[in-house]
Amino acid sequence: VNFSSDTLCIPEAVQFSVNLSNTKYYVIDYGDENTVSYNYQENPDTTIYTYQQGGIYQPSIELIDSAGCNHKLLELPKIYGDSIHADFKTNSPIICDLKNIQFLNRSRSTFESQFMWLFGNNDSSLLEFPVYSYLKDSTYEITLKQTSPLGCIDSAKNIIKVIEAPVPSLKIENENYCIPSKTSLELVFENSEFTSDSIYFSINGSEFITGDSIVNTFLEKGEQTIKYTIEYADQNCVLDSTFTLSF
């Protein structure tokens, strides 16, 4: 018994070639919990079976003669199948910041794959989860290429628009950093051609507070996490930034 391939890119069909004697029926256990019985007179040379899931499979074959006697052949070689699918996303198709753009790799595979990212500007990365910075505003076609150790290949493409939105400076007014501490936080924009539709502040994961400035009284000592979110309506993008204050 021979088969056409022992390394598969799922789904893939395998041709099992049989050359038997004194056999009326033969039963193939394909190693994936599927077993099929064949009449040797009707299927004397080959059978074709398609594996649908990735994994390592140990097929076996049992022979049955006309008298009903069974004989199981020695163990066949293992079959390795890899099921891969390349996929990724960014936080948004329109990104307000050129720097430190995170690419979330959502690809799947049975065995550990290798990846190549093409960022649409002749630059690339072999990291699984790259963080990348662009040099100028533009629209970029991102390509993710996935290659499995069995030679299976898949790819995914997405288009993103990258904009260098203005990053405001943060003005902090506080008499001291002793608890309780009444603190004023204000975002200051300089010469911005963008229009900010909405600005939100969040303190230690609390609900967002709207406005480009807030006053908050901090009651606990230690590091306090402040996050602001700016929605630029004219560019249809969102800018997030997080910083800490210590009291």
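Right above here is the structure, for reference.
Residues numbered from 1 in each chain as written. Predicted model: local features only at pLDDT ≥ 70, side-chain atom pairs only at ≥ 80, totals over all residues. Heavy atoms only, no water.

> So what's going on with the overall build of the chain? Which residues, and what values?
Helix and strand counts for the chain come out as zero helices and 26 strands. Here the C-alpha radius of gyration of the chain, 31 Å, is well above what a compact globule of 247 residues would show, namely 18 Å. When its C-alpha atoms are laid out on the principal axes, the chain stretches across 100 × 40 × 25 Å. Relative to all contacts within the chain whose residues are 6 or more apart in sequence, the contacts with residues 24 or more apart total 56%. Here the chain has roughly 14800 Å² of accessible surface; of this, 45% comes from carbon and sulfur atoms. (Helix = DSSP H or I, 4+ residues; strand = E, 2+ residues; numbered from the N terminus. Rg over C-alpha atoms; globule rule 2.2 N^0.38 Å. Contact = heavy atoms within 4.5 Å. Areas by Shrake-Rupley, 256 points an atom, 1.4 Å probe, with all protein chains shown as cover.)

> Break down the pairing of strand E18 (residues 138-147) for me, citing the residues and quoting the values.
Sheet topology places strand E15 (residues 114-118) next to E18; five bridges connect them, and they run antiparallel. What sits directly across from Phe-115, in E18, is Gln-146. As defined by bridge partners, E18 adjoins strand E19 (residues 153-162) across ten bridges and the pair is classed as antiparallel. Each bridged residue has a counterpart across the sheet, and for Glu-141 the counterpart in E19 is Ile-159. Count of turn residues in the E18/E19 antiparallel hairpin: five residues, of which Gly-151 carries a positive phi of about 90°. (Pairing = 2+ DSSP bridges.)

> With reference to specific residues and values, describe unusual backbone geometry.
Put simply, Ile-10 and Pro-11 share a cis peptide bond, and its omega is -5°. As for its position among the elements, Pro-11 is in the loop between strand E2 (7-9) and strand E3 (12-17). In this model, Ile-179 is joined to Pro-180 through a cis peptide bond whose omega is -5°. By the secondary structure assignment, Pro-180 is in the loop between strand E20 (169-173) and strand E21 (181-188). We note that Asn-204 has phi near 50°; this positive angle belongs to a residue other than glycine. Mapped onto the elements of the fold, Asn-204 is located in the loop between strand E22 (196-203) and strand E23 (209-210).

> Please set out the state of the cysteines residue by residue, giving values where relevant.
Note on terminology: disulfide describes a covalent bond linking the sulfur atoms of two cysteines. Following the criterion strictly, the structure yields one disulfide and no others. The residue that forms a disulfide with Cys-9 is Cys-152, at a sulfur-sulfur distance of 2.1 Å. One disulfide, between Cys-9 and Cys-152, carries an S-S torsion of -100° and so falls in the left-handed class. Here Cys-9 is found in strand E2, whereas its partner Cys-152 is found in the loop between E18 and E19, with 143 residues between them in sequence. (Disulfide = S-S within 2.5 Å.)

> I'd like to hear about the sheet that holds strand E5 (residues 35-39), residue by residue, with values.
Ordered in space as E5-E4-E8-E9, the four strands form an open sheet in which the pairing is antiparallel. In this open sheet, the two strands that pair with only one neighbour each are E5 and strand E9 (70-72). Shown here is a sheet whose adjacent strand axes are inclined to one another by a mean of 20°, direction ignored. Here five bridges tie strand E4 (residues 25-29) to strand E8 (residues 60-64), and the two strands are oriented antiparallel to one another. For Val-27, the partnering residue across the bridge sits in E8 and is Glu-62. (Axes fitted to C-alpha atoms, helices over the stretch in contact; angles between N-to-C directions.)

> I'd like a rundown of the pattern of salt bridges, residues and numbers included.
For the structure shown, the criterion picks out three salt bridges. Where Glu-173 meets Lys-171, a salt bridge forms, and the shortest distance between an N and an O atom there is 3.4 Å. (Salt bridge = Lys/Arg side-chain N within 4 Å of Asp/Glu carboxyl O.)

> With reference to specific residues and values, describe the side chain of Thr-23.
The topology assignment puts Thr-23 in the loop between E3 and E4. There is a polar contact of 2.9 Å between the side chain of Thr-23 and the backbone oxygen of Ser-21. For Thr-23, the residues in contact, after removing those within four places along its chain, are Tyr-40, Gln-41, Leu-63, Ile-64 and Asp-65. (Polar contact = N/O pair within 3.5 Å; in protein donor to acceptor, adjacent residues only side chain to side chain.)

> Can you lay out the packing of aromatic side chains for me, pointing to particular residues and giving the numbers?
Counted under the stated rule, the structure contains 18 aromatic pairs. Ring centres of Phe-103 and Phe-119 lie 5.3 Å apart, and the angle between their planes is 50°; this geometry places the pair in the tilted category. With Phe-103 in the loop between strand E13 (101-102) and strand E14 (104-105) and Phe-119 in the loop between E15 and strand E16 (124-125), this residue pair connects regions lying 16 residues apart in the sequence. Look at Phe-103 and you get buried, because its relative accessible area is 2%. An angle of 80° between the planes, with centres 4.8 Å apart, marks the rings of Tyr-132 and Tyr-134 as edge-to-face. By the burial criterion, Tyr-132 is buried, and Tyr-134 matches it. These aromatic residues form a ring-pair network of at least three members: Phe-88, Phe-103, Trp-117, Phe-119, Tyr-132, Tyr-134 and Tyr-140. (Phe/Tyr/Trp six-rings, centres within 6.5 Å; stacked < 30°, edge-to-face > 60°. Buried < 20%, exposed > 50% of the residue type's maximum accessible area, 1.4 Å probe, protein only.)

Nothing here speaks to function; it is all geometry.
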